[in-house]
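Report on the structure
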Amino acid sequence: MTKGRPRVRYRLLRGWALRSREVQRALRRMERIVEAATGAILDGTLLDAEKEALSIELYDASFR
């Protein structure tokens, strides 16, 4: 690696990349929490037939 600007640029980009990974991990954790809460709410309020219909709709929507 050369001296000067390239080294500064490397440190800046490295810091940004590491921070990006932290943000991505936090977003995945948040997604799991929201999914668990949503699942608990739906499980407690929907009838079995409604759960089945919703599962099919969510599966179909995942391919859109």
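Residues numbered from 1 in each chain as written. Predicted model: local features only at pLDDT ≥ 70, side-chain atom pairs only at ≥ 80, totals over all residues. Heavy atoms only, no water.

Brief notes about the overall build of the protein
Scanning the protein for helices and strands turns up 2 helices and 0 strands. Against the globule reference of 11 Å for 64 residues, the protein gives a C-alpha radius of gyration of 22 Å, more extended than a compact globule. Taking the principal axes of its C-alpha atoms as reference, the protein extends roughly 65 × 25 × 10 Å. Taking all 64 residues of the protein together, 0% fall into the buried category. Carbon and sulfur atoms make up 60% of the accessible area of the protein, which totals about 6200 Å². (Helix = DSSP H or I, 4+ residues; strand = E, 2+ residues; numbered from the N terminus. Rg over C-alpha atoms; globule rule 2.2 N^0.38 Å. Buried < 20%, exposed > 50% of the residue type's maximum accessible area, 1.4 Å probe, protein only. Areas by Shrake-Rupley, 256 points an atom, 1.4 Å probe, with all protein chains shown as cover.)

Re a positive patch on the surface
Positive charge collects at one region of the surface, where R21, R25, R28, R29 and R32 lie side by side. Looking at the secondary structure, you find R28 in helix α1 (residues 5–45). (Patch = residues over 30% accessible without salt bridge, like charges linked within 9 Å, V, L, I, M, F, W, Y side chains within 5 Å. Salt bridge = Lys/Arg side-chain N within 4 Å of Asp/Glu carboxyl O. Lys, Arg positive; Asp, Glu negative; His and termini not counted. Charge placed at Lys NZ, Arg CZ, Asp CG, Glu CD.)

Some remarks on the pattern of salt bridges
Counted by the stated rule, this structure contains 3 salt bridges. Between R19 and E22 there is a salt bridge, with its nearest N and O atoms 2.8 Å apart. You can see R19 and its partner E22 sitting in helix α1, 3 residues apart, about one turn around the helix. Its relative accessible area of 39% is what places E22 among the partly exposed residues. A salt bridge links K51 to D48; its shortest N-O distance comes to 3.9 Å. Here D48 and K51 lie together in helix α2 (residues 48–61), a separation of 3 residues that amounts to about one turn. Salt bridges here are not isolated pairs; linked through shared partners, they connect D43, D48 and K51.

Focus: the packing of aromatic side chains
In this structure the tally under the stated criterion is 1 aromatic pair. Measuring from centroid to centroid gives 5.0 Å for Y59 and F63, while their planes differ by 75°, and the two rings are edge-to-face. The pair Y59 / F63 is uniform in exposure class, with both members exposed. (Phe/Tyr/Trp six-rings, centres within 6.5 Å; stacked < 30°, edge-to-face > 60°.)

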